[in-house]
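# Coordinates in review
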Amino acid sequence: MIKLTINGQPQTFEGDAEMPLLWYLRDEKDMTGTKFGCGIAQCGACTVHLDGEAVRSCVLPVSAAAGRAVTTIEAVGQSALGAQVQQAWLDHEVVQCGYCQSGQIMSATALLQRQPAPSDAEIDAGMAGNLCRCATYTRIRAAIKDVDAGGAA
């Protein structure tokens, strides 16, 4: 039995310990905000936080989350910083198709938690691997720069 915490709630999992966390979240917990994109950790659509760090849930086995805290897009807005990031996404009209945006928001929130006022180079590095087929990268950067992470942390 694997014990973990998802969005502040204790959970237990008795299935295959090697099941990707993404499928546990989507299929077992019905948390469909975390998206399947590529299945090889290259697109970022499946990004969640594991103890506050952005990770790709499509390649992370549930066993790797044992005893740790997982935060998904469903709960990121419960923190002041996460709520600011989500509002910045709306203010800058980042979303077009929206498919990648939960992963983008999760990566941006983790970045801002580590680096409250990132430079363009730090944004590029922190968001690397989060692909957007609609190419809203300039709006993503503007939204990240607009967040007052120092006041939200």
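Residues numbered from 1 in each chain as written. Predicted model: local features only at pLDDT ≥ 70, side-chain atom pairs only at ≥ 80, totals over all residues. Heavy atoms only, no water.

### A short note on the overall build of the protein
Along the protein, the regular secondary structure elements total seven helices and five strands. Whereas a compact globule of 153 residues would reach a radius of gyration of roughly 15 Å, the protein reaches 15 Å, a difference of no more than 12%. Along the first, second and third principal axes, the C-alpha set of the protein runs to 45 × 30 × 25 Å. When the 153 residues of the protein are sorted by exposure, 42% land in the buried category. For the protein, the share of sequence-separated contacts (at least 6 apart) that also reach a separation of at least 24 residues comes to 58%. (Helix = DSSP H or I, 4+ residues; strand = E, 2+ residues; numbered from the N terminus. Rg over C-alpha atoms; globule rule 2.2 N^0.38 Å. Buried < 20%, exposed > 50% of the residue type's maximum accessible area, 1.4 Å probe, protein only. Contact = heavy atoms within 4.5 Å.)

### What to know about the packing of helix H4 (residues 101-114) against helix H5 (residues 120-127)
Axis separation between H4 and H5 bottoms out at 9 Å; the angle between their running directions is 130°. Judged by the inter-axis angle, H4 sits oblique to H5. Like other packed secondary-structure pairs, H4 and H5 cross with a definite hand, here right-handed. In contact with Gln-104, Ser-107, Ala-108, Leu-111 and Arg-114 of H4, H5 contributes Glu-122, Ile-123, Gly-126 and Met-127. Looking at the contact of H4 with H5 residue by residue, the classes come out as four nonpolar, three polar and two charged. (Axes fitted to C-alpha atoms, helices over the stretch in contact; angles between N-to-C directions. Parallel < 35°, antiparallel > 145°, perpendicular 65-115°, else oblique. Left-handed = near helix turned anticlockwise from the far one by under 90°. Nonpolar A, V, L, I, M, F, W, Y, C, P; charged D, E, K, R; others polar.)

### Brief notes about the packing of aromatic side chains
All chains considered together, the criterion is met by two aromatic pairs. Seen in terms of ring centroids, Phe-13 and Tyr-24 are 4.7 Å apart; in terms of plane orientation they differ by 65°. Their pairing is edge-to-face. Of this pair, Phe-13 sits in strand E2 (residues 9-13) while Tyr-24 sits in helix H1 (residues 21-28), and the two are 11 residues apart along the sequence. Note on Phe-13: relative accessible area 5%, which makes it buried. The exposure class of Tyr-24 is buried, given its relative accessible area of 2%. (Phe/Tyr/Trp six-rings, centres within 6.5 Å; stacked < 30°, edge-to-face > 60°.)

### Considering the pairing of strand E4 (residues 53-56)
With four bridges joining them, strand E3 (residues 47-50) and E4 adopt antiparallel strand pairing. In the sheet register, His-49 faces E4, and the bridge partner there is Ala-54. (Pairing = 2+ DSSP bridges.)

### Observations concerning the side chain of Ser-107
As for its position among the elements, Ser-107 is in helix H4. For Ser-107, a relative accessible area of 2% corresponds to the buried category. Excluding its chain neighbours within four sequence positions, the residues that come into contact with Ser-107 are Thr-47, Ala-54, Arg-56, Gly-126, Met-127 and Asn-130.

### Digging into the packing of H5 against helix H6 (residues 137-146)
Each pair of packed helices gets described by two things: the angle between the helix axes and the distance between those axes. Relative orientation of the contacting elements H5 and H6 amounts to 115°, with a least axis distance of 11 Å. Relative to H6, H5 is oriented roughly perpendicular. For the pair H5 and H6, the sense of crossing is right-handed. Side by side, H5 and H6 meet where Asp-120, Ile-123, Asp-124 and Met-127 of the first sit next to Ile-140, Arg-141, Ile-144 and Lys-145 of the second. Classifying every residue of the contact of H5 with H6 by side-chain character gives four nonpolar, no polar and four charged.

### Some words on unusual backbone geometry
A positive phi angle is found at Asp-30, which is not glycine, with a value near 55°. Among the structural elements, Asp-30 can be located in the loop between H1 and E3. Phi at Glu-93 is positive, roughly 45°, even though this residue is not glycine. Judged by its relative accessible area of 59%, Glu-93 is exposed.

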